[in-house]
Amino acid sequence: MVRLILASQSPARTKLLTEAGIRHTVLVSDVDEDAVQARYGVTDPHDTALLLARAKAEAVAALPEAEGALVLGCDSVFEFDGEAHGKPYSAAVARERMLRMSGNTGVLHTGHWLVDCRDTEPDGDAAPGTGATLGTVASAEVSFLQMDAAEIDAYIATGEPLHCAGSFTIDGLGGAFIRKVDGDPHTVVGLSVSTLRSLLAQAQVRITELWPAS
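Taking an unreviewed UniProt entry as the reference, the protein chain is identified by name as Nucleoside triphosphate pyrophosphatase belonging to Pseudarthrobacter siccitolerans. Here the protein chain is described in UniProt, under the heading Cofactor (unreviewed entry), as follows: "a divalent metal cation". What UniProt states about the protein chain under its Subcellular location (unreviewed entry) heading is, verbatim, "Cytoplasm".

Here it is in structure tokens:
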């Protein structure tokens, strides 16, 4: 049986996989995102998302628990006015960003990286692994409605935007402020299922192999 490990602590990502009927377990990496970015000097939002997704996937793939599994790492970065916006963490930063985003448009980049940790020459009936380590970025354009200061303050007070790339969600309270999404909405949640399907195919695995047995 094919095993998928999600190298992310994001509740939204594991919820999305669960609702899509994709069997998986969660194993969180201890990657220091700031240290990774400093080491490689990557500042482009698109490339940053892919770099961090790869770092998370490869960190978990190196653990004994990942033996025989496929490991998926994901990371999201919001690009606005040419700047990379990760998690704001503080109310002040979230407020400043959301006031600028009000009535405007940005791009949410979600990096996906898949590592095949299955044995390339297994014993028995198990399918052989490919040794693949590959990734890509799915991006979606997000347009926001006008938001007044009172709404923004009320949203920040819930705590929801403080730990989300770009200071917003689409699958929670923040969805009330999104006018439209051009691209895969799952990308904005933080994991594109169709992108995962493509990566799995390159590792010679059908996504249907991760669906619950009928």
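Asker: For the UniProt feature "active site" (unreviewed entry) in the protein chain, give the residues involved together with the corresponding values.
Answerer: The feature "active site" (unreviewed entry), as given by UniProt, occupies Asp 75 in the numbering adopted here. Among the secondary structure elements, Asp 75 is positioned in strand E3 (residues 70-80). The buried category is assigned to Asp 75, whose relative accessible area is 3%. Within the local environment of Asp 75, its side chain forms a polar contact with the side chain of Lys 56, the two groups lying 2.7 Å apart.

Asker: Could you give me a rundown of the pairing of E3, with the residues and numbers involved?
Answerer: For a regular strand, the rule is simple: side chains alternate between the two faces of the sheet. In terms of burial, E3 is a largely internal element, ten of the eleven residues being buried. In the sheet, strand E1 (residues 4-6) pairs with E3 via three bridges, with the strands oriented parallel. For Ile 5, the partnering residue across the bridge sits in E3 and is Val 71. When E3 meets strand E5 (residues 105-116), the two strands line up antiparallel, connected through ten bridges. In the strand pairing of E5, Val 77 is matched with His 109. Pairing of E3 with strand E4 (residues 83-85) involves three bridges; the strand directions are antiparallel.

What counts as what
- Residues numbered from 1 in each chain as written.
- Predicted model: local features only at pLDDT ≥ 70, side-chain atom pairs only at ≥ 80, totals over all residues.
- Heavy atoms only, no water.
- UniProt positions renumbered as here; feature names shortened; annotations may be inferred.
- Helix = DSSP H or I, 4+ residues; strand = E, 2+ residues; numbered from the N terminus.
- Buried < 20%, exposed > 50% of the residue type's maximum accessible area, 1.4 Å probe, protein only.
- Polar contact = N/O pair within 3.5 Å; in protein donor to acceptor, adjacent residues only side chain to side chain.
- Pairing = 2+ DSSP bridges.

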